[in-house]
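Structural description and commentary
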Amino acid sequence: MPDDSAGPRCDGRYILIAESVMVPLGSDPHPELSRVQGKYSGSHTLSGKACSSLRGQVDGNDVYAVYFDAGHSVEKVCELKAQYGGNARSLNNDADFSDPC
């Protein structure tokens, strides 16, 4: 289920991370990602290792983002945040973890 290959690139676009999924190293992420993604119709998944503006690992777990893509629109990502909560983030390789909302 991680659809990283079809996911956005680290080009400065914005995503709303609706939920982060922690998966123990070496475990199959698919069951938990499917469960969480099922709560967010139209969402996608992305490995936290995809861009340096995401967290790849926390406390010995791999991190995956269940997210909505907002393109390059700050307005759109902030609308998504108002709807779902979560964390707005720019996908970049500058290790910028700031929330534009």
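Above this note sits the structure.
What this report covers is the structure whose coordinates are included nearby. (Residues numbered from 1 in each chain as written. Predicted model: local features only at pLDDT ≥ 70, side-chain atom pairs only at ≥ 80, totals over all residues. Heavy atoms only, no water.)

Another point: the state of the cysteines. On inspection of all chains with the given rule, the structure shows 2 disulfides. Here Cys10 is linked by a disulfide to Cys51, with a sulfur-sulfur distance of 1.9 Å. In this structure, the disulfide formed by Cys10 and Cys51 twists by about -95° around the S-S bond and is classed as left-handed. In this pair, Cys10 is assigned in the segment before β1 (14-24) and Cys51 in the loop between β2 (44-47) and β3 (57-58), connecting sequence segments 41 residues apart. (Disulfide = S-S within 2.5 Å. Helix = DSSP H or I, 4+ residues; strand = E, 2+ residues; numbered from the N terminus.)

Moving on, we get to the nonpolar core. Ranked by internal contacts, the top residues of the largest apolar core, which has 15 residues, are Val21, Tyr40, Val66, Phe68 and Val77. Elements supplying a minimum of two residues to this core: β1, α1 (30-37), β4 (61-69) and α2 (74-84). Of the residues forming this core, the biggest block, 5 residues, is contributed by β1. Beyond its immediate chain neighbours, meaning those up to four positions away, Val66 contacts Leu16, Ile17, Ala18, Glu19, Val21, Leu33, Val36, Gln37, Tyr40, Ser43, His44 and Thr45. (Core = buried A, V, L, I, M, F, W, Y, C linked by side-chain atoms within 4.5 Å. Buried < 20%, exposed > 50% of the residue type's maximum accessible area, 1.4 Å probe, protein only. Contact = heavy atoms within 4.5 Å.)

Glancing now at unusual backbone geometry. One non-glycine residue, Asp59, lies in positive phi territory at about 50°. The topology assignment puts Asp59 in the loop between β3 and β4. Its identity is not glycine, yet Ala95 carries a phi of approximately 55°, on the positive side. Residue position: Ala95 is located in the segment after β5 (87-90). Under the relative-accessibility criterion, Ala95 is labelled partly exposed at 42%.

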